[in-house]
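Structure assessment
Here is what each chain is made of, one letter per residue.
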Amino acid sequence: MQRFIKYIDPLYKDLEDIADFSDIKPKDDVEKTEYPHLEKITLITKKEIDKLFPILQRLEEELERQIDVIDSESDLDAKKEAKSIYNKILTEIERIVDRINNELITLDSPYFGKIVFQPKESITKKDLELYIGKFALVDEQTHIPLITDWRSPIANIYYQNSGPRENVSFLAPVGERFGNLKQKRQFQISKGRIRGIYDAKSGNVAADEFLLAQLQERIGKKLQDIVSTIQAQQNEIIRGNINEPILIQGVAGSGKTTILLHRLAYLFYTYSEEINDKNSLIIAPNQMFIDYVSDVLPNLGVGKVETLTYLFWGRKVLDWDKYYIVSNEAPEDKHKEYKGSIEFLNILDKYFEDFEHELLENIPSYIKESIAHRYYELKEGFKDIDMFERVSLATEYAFAQRKFTEYKEGKINMKERFIEETKKKILEYFKKKCNPYSLYKNLFRSNLLPKDISKYSLDGLTHKRRVRTYRIEDLAPIVYLHFKIHGKKDFERGYVMIDEAQDMSFVQLSTLTQIAKNGNLTLAGDLAQSIIPPFYIKDWDDVIKLVQEITGKECKYHQLQKCYRTTVEIIDFANSFFKKHFPKSYKLPEAVLRHGDDVKFLKAEKDLAEMEKDDIKEIINILKDDFKRGSVTSACLARDRQHANEIYDVLKNYADEIGEKVVRYDENNYQRGVLVMPIENAKGLEFDSVILADINSKYYEDTLLCSKLLYVGITRALHRLYVLVNKNDKFSKDFANVSL
């Protein structure tokens, strides 16, 4: 029988031990006061889990029986019906597994905060004592909330105030409510046991202690939620208004990605009728990044949200099959940059306008003037109607008008069959002319563009038998034209989130902004981490202007300076490099609280891939020691893919000695072990320790691109950073001396 226990958090094995509080000995009066509430919640949660496991077992048995039914059916319709029932059972199993896992999250750490709020306009004059956690829990007998959801309006008091304070407020459904915050308490709870209690009594001292404790426990694994440590500025973004676009510029480690995901979870909770997991879209930079962030939303009780790279999303919009392939022709950055620019967007608009005019002029019908006239009326009056719908409606209108005119004149010559055949002929004419790929290709045969760009583009847009090629930068303009022809109605989303937006083109951003209903769009990025040529975005002003023009709404801009990822020592080193090589307009990251090891330089005479066994021993020992110290991930970061492949071919031979798997970047899974990858692929990720490999003039030079690459590499480290330099290389010496 197929079992689904493997998809359940292993914590279920400790269920009985966690629920047994008989051996608890509170270490002080505060713990003595708090443990009864924790015990009550734990027992309620265990009771719910105990009810769910038999349901799961029953469904597993039903699924097994249904497999036998499918196998025994010979009638095709009956077999189809049996498969449908099988899929329904499978869906119900998935729902029960998710419920069990959510209950186990509550069992492990049911809440992280507590507030005592004294309402000003209360009939009872009683203080409200509220525990804040990921999921709400209500006592079924008394209907008193045992846990308040972190996304609820009153929980905002917890996040916006560092300690007790008079005259605070929150926005309830009935209006703004005022009162006094008498207590703010923070908890570290793990496996149903209190590990620490922090009372915020004066300023940020307790809050800083709690945050530091949380940061010190971070290890290099998949991205986790931060509901317990959301800071005031982060909270402001997360709880920002619906129906307004937001742009976040954040330094490395400032929590941009986490804020995006928590904002989505907040919106699902607060505006569930408008925004949900079925109508939202997350655009991410690569597949490993998608895997890295895959646990956050489920841990917040949110279903699977479609998360794609732009490449996969664009192909999905165009409904392209395997015969549309990326061209092998070499890219040229200057042409790529132009084809992703705002100027090129204007060219696309002009080209389509000319194409549309010519198309209407050549309609194969004697009433084409009437069709064209009505078409432009519909275009002006009904912006959301796509081109084909306008053509169809305009054609129907033109023939109806013609019939009416002839009827008035006593003519009844127009036969229905003739009319229908003509309509069909017109629609086939439009369909033939309006293939987005062919239409885009013909742009480069027009006189709207310089010859060098046209030749370069046509070299990448080839059509041989069924196979059509395109360059990566061509995808967004083709999607843009597709929306002009077919409209965007079928692709609109309740919310769109774009991470690493600094590496996107203006055409890509335009297409994604267009599908965000009511301007519900959040973009996040860091110009200092723009490391994928040709660097479309030089500053955010043009992006803000583009978003505002498309949505018709003000785009809210937020700047995040604090780095929560790495240590003071690593950030100080990063900033010493930052100040010497980056434009003054780029803001320096500010380290938060946590200290650690100094940056360590490893000096060698050869590159890592060329080292003798004795020379590479130091690196292997460092990796071994890091894992002994509790590391889960260590990254060896290279200049590019070829460099990464060369290093991987060496390090993979030492996997047994290190005692961990050595993983190459193209596996696309963020997993335990030594991950070897180009710096470009590491963007957005974090690791317990990082080795920057071969920082010398063979791979790097004194350019802004190399400076950005090194900055990204430095700031991937959570705890420790090692830099491999060449003893006799000038670039190595300069880099090693950067912080002196």
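Cut-off values and rules
- Residues numbered from 1 in each chain as written.
- Predicted model: local features only at pLDDT ≥ 70, side-chain atom pairs only at ≥ 80, totals over all residues.
- Heavy atoms only, no water.
- Helix = DSSP H or I, 4+ residues; strand = E, 2+ residues; numbered from the N terminus.
- Buried < 20%, exposed > 50% of the residue type's maximum accessible area, 1.4 Å probe, protein only.
- 1 Å grid on protein atoms, 1.4 Å probe; cavity = no way out; pocket = protein on both sides within 12 Å on 5 of 7 lines; lining within 4 Å.
- Points joined across faces, edges and corners; volume = space filled by probe spheres on them.
- Nonpolar A, V, L, I, M, F, W, Y, C, P; charged D, E, K, R; others polar.
- Polar contact = N/O pair within 3.5 Å; in protein donor to acceptor, adjacent residues only side chain to side chain.
- Contact = heavy atoms within 4.5 Å.
- Pairing = 2+ DSSP bridges.
- Phe/Tyr/Trp six-rings, centres within 6.5 Å; stacked < 30°, edge-to-face > 60°.
- Lys NZ or Arg CZ within 6 Å of the ring centre and 35° of its normal.
- Core = buried A, V, L, I, M, F, W, Y, C linked by side-chain atoms within 4.5 Å.
- Axes fitted to C-alpha atoms, helices over the stretch in contact; angles between N-to-C directions.
- Expected span 1.5 Å × (residues − 1).
- Salt bridge = Lys/Arg side-chain N within 4 Å of Asp/Glu carboxyl O.
- Domains from an automatic or database assignment.
- Arc of directions from axis to C-beta.

This part takes up unusual backbone geometry. The step from Pro533 to Pro534 runs through a cis peptide bond, and the omega angle for that step is 20 degrees. With a phi angle near 60 degrees, His143 is a residue other than glycine that sits in the positive phi range. Residue position: His143 is located in the loop between β3 (137–138) and β4 (145–149). According to the relative accessible area criterion, His143 is exposed, its value standing at 61%. Here the phi dihedral of Phe535 falls at roughly 60 degrees; this positive angle occurs in a residue that is not glycine. Relative to the assigned elements, Phe535 resides in the loop between β15 (521–525) and α20 (541–551).

This brings us to the layout of surface pockets. What the second largest pocket holds in volume is close to 1400 Å³. Broken down by secondary-structure element, the contributors of at least two residues to the lining of the second largest pocket are α8 (287–292), α10 (310–318), α11 (333–339), α18 (472–486), α25 (679–682) and α26 (704–714). It is α18 that provides the largest number of residues to the lining of the second largest pocket, a total of four residues. The residue inventory of the lining of the second largest pocket, partitioned by class, reads 22 nonpolar, nine polar and 15 charged.

Turning our attention to the side chain of Lys339. Mapped onto the secondary structure, Lys339 falls in helix α11. A polar contact of 2.7 Å, which involves the side chain of Lys339, links it to the side chain of Asp474. Leaving out residues up to four positions away in the same chain, Lys339 has contacts with Phe344, Tyr440, Phe444, Tyr456, Ser457, Glu473, Asp474, Pro477 and Val507.

Here we come to the environment of Ile197. Structurally, the position occupied by Ile197 is in strand β7 (residues 193–199). Sequence-wise, Ile197 and Leu15 are 182 residues apart; in three dimensions their C-alpha atoms are separated by 23 Å. Other than its neighbours up to four places away in sequence, Ile197 contacts Val30, Glu31, Glu34, Arg185, Gln186 and Phe187.

Turning our attention to the pairing of β4. Most of β4 is tucked away, with four of its five residues classed as buried. Where strand β2 (residues 128–133) and β4 come together, two bridges link them in parallel fashion. Of the residues in β4, the one forming a bridge with Gly133 is Asp149. The turn linking β3 back onto β4 is made up of six residues, and His143 within it adopts a positive phi angle of 60 degrees.

In this section: the packing of aromatic side chains. Under the criterion given, the structure shown has 34 aromatic pairs. With a centroid separation of 6.5 Å and an interplanar angle of 55 degrees, the aromatic rings of Phe289 and Tyr292 are classed as tilted. With a gap of three residues between them, Phe289 and Tyr292 both fall in helix α8, about one helical turn apart. Residue classification places Phe289 among the buried positions, given a relative accessible area of 2%. Taken together, a centroid distance of 6.2 Å and an interplanar angle of 15 degrees make the contact between Tyr700 and Phe731 stacked. With Tyr700 in the loop between β23 (687–692) and α26 and Phe731 in helix α27 (residues 730–736), this pair connects stretches of sequence that are 31 residues apart. Each member of the pair, Tyr700 as well as Phe731, carries the same accessibility label: buried. Pairwise contacts between aromatic rings join Phe573, Phe577, Phe578, Phe582, Tyr586, Phe601, Tyr711 and Phe735 into one cluster. Here the basic side chain of Arg193 rests over the ring of Phe21, its NZ or CZ set 4.4 Å away from the ring centre. A cation sits over an aromatic face here: Arg471 above Tyr456, 3.7 Å from the ring centre.

Attention now goes to the nonpolar core. Membership of the largest hydrophobic core comes to 192 residues, with the highest contact counts inside it found for Trp150, Trp313, Phe344, Phe430, Ile498 and Leu721. The dominant element in this core, judged by the number of residues it contributes, is helix α12 (residues 342–361), at nine residues. Once residues within four sequence positions are removed from consideration, Phe430 is found in contact with Leu359, Leu360, Ile363, Met387, Phe388 and Val391. With 21 residues, the next largest nonpolar core counts Ile8, Leu56, Ala82 and Val97 among its residues.

It is worth spelling out the sheet that holds strand β24 (residues 717–726) at this point. The strand order β19-β24-β23-β20-β22-β21 describes an open sheet built from six strands, whose pairing is parallel. A strand with exactly one partner marks an edge of an open sheet, and here the two such strands are β19 (600–604) and β21 (662–664). Strand-to-strand twist across the sheet, computed as the mean angle between neighbouring axes with direction ignored, equals 20 degrees. In terms of strand pairing, β23 meets β24 through five bridges, oriented parallel. Looking at β24, one finds that Phe687 is bridged to Ala717. Across the sheet, helix α21 (residues 568–581) is in contact with β19 and β24; its angle to β24 comes to roughly 45 degrees. Each of β20 (633–638), β21 and β22 (673–678) touches helix α23 (residues 641–651); the most contacted strand, β22, lies at about 155 degrees to it.

A few words now on empty space enclosed by the protein. Using the criterion set out here, one finds one cavity of 30 Å³ or more in the structure. If you add up the space inside the largest cavity, you get close to 60 Å³. What lines the largest cavity is Thr257, Leu260, Leu261, Ile282, Ile283, Ala284, Phe289, Val293, Thr307 and Asp499. Mapped onto the lining of the largest cavity, the elements with two or more residues apiece are α7 (256–270) and β9 (280–283). No other element matches the three residues that α7 contributes to the lining of the largest cavity.

A few words on helix α22 (residues 613–628). If you check α22, its first and last C-alpha atoms are 22 Å apart, about what 16 residues at 1.5 Å a residue would give, namely 22 Å. Gly630 lies just past α22 and shows a positive phi near 110 degrees.

Bringing the pattern of salt bridges into the picture now. This structure, assessed with the given rule, holds 46 salt bridges. Between Lys114 and Glu129 there is a salt bridge; the shortest N-O distance is 3.7 Å. Here Lys114 is found in strand β1 (residues 113–119), whereas its partner Glu129 is found in strand β2, with 15 residues between them in sequence. Accessibility expressed as a relative area gives 5% for Lys114, which makes it buried.

On to the domain arrangement of the protein. Each assigned domain of the protein is listed here: domain 1 (5–108), domain 2 (112–218), domain 3 (239–324 + 492–563), domain 4 (333–472) and domain 5 (588–738). Averaged C-alpha coordinates put domain 1 and domain 4 at centres separated by 55 Å.

Further remarks concern the side chain of Thr42. Positionally, Thr42 belongs in helix α2 (residues 29–72). A residue is classified by how much of its surface remains accessible, and Thr42, at 1% relative accessible area, is buried.

Moving on: the sheet that holds strand β11 (residues 324–326). With mixed pairing, the three strands of this open sheet are ordered in space as β11-β13-β12. With partners counted over all chains shown, the strands left at the sheet margins are β11 and β12 (463–464), one partner each.

What follows is about α23. Among the residues of α23, those classed as buried are His643, Ala644, Ile647, Tyr648, Val650 and Leu651. All buried residues of α23 fall inside an arc of 160 degrees around its axis, so they share one side. If you follow the buried residues of α23, they end up packed against α22, β20, α24 (655–658), β21 and β22. By the N-cap criterion, in which a side-chain oxygen at the helix start approaches the backbone nitrogen of a residue two or three places on, α23 is capped by Asp640, the distance to Gln642 being 3.4 Å.

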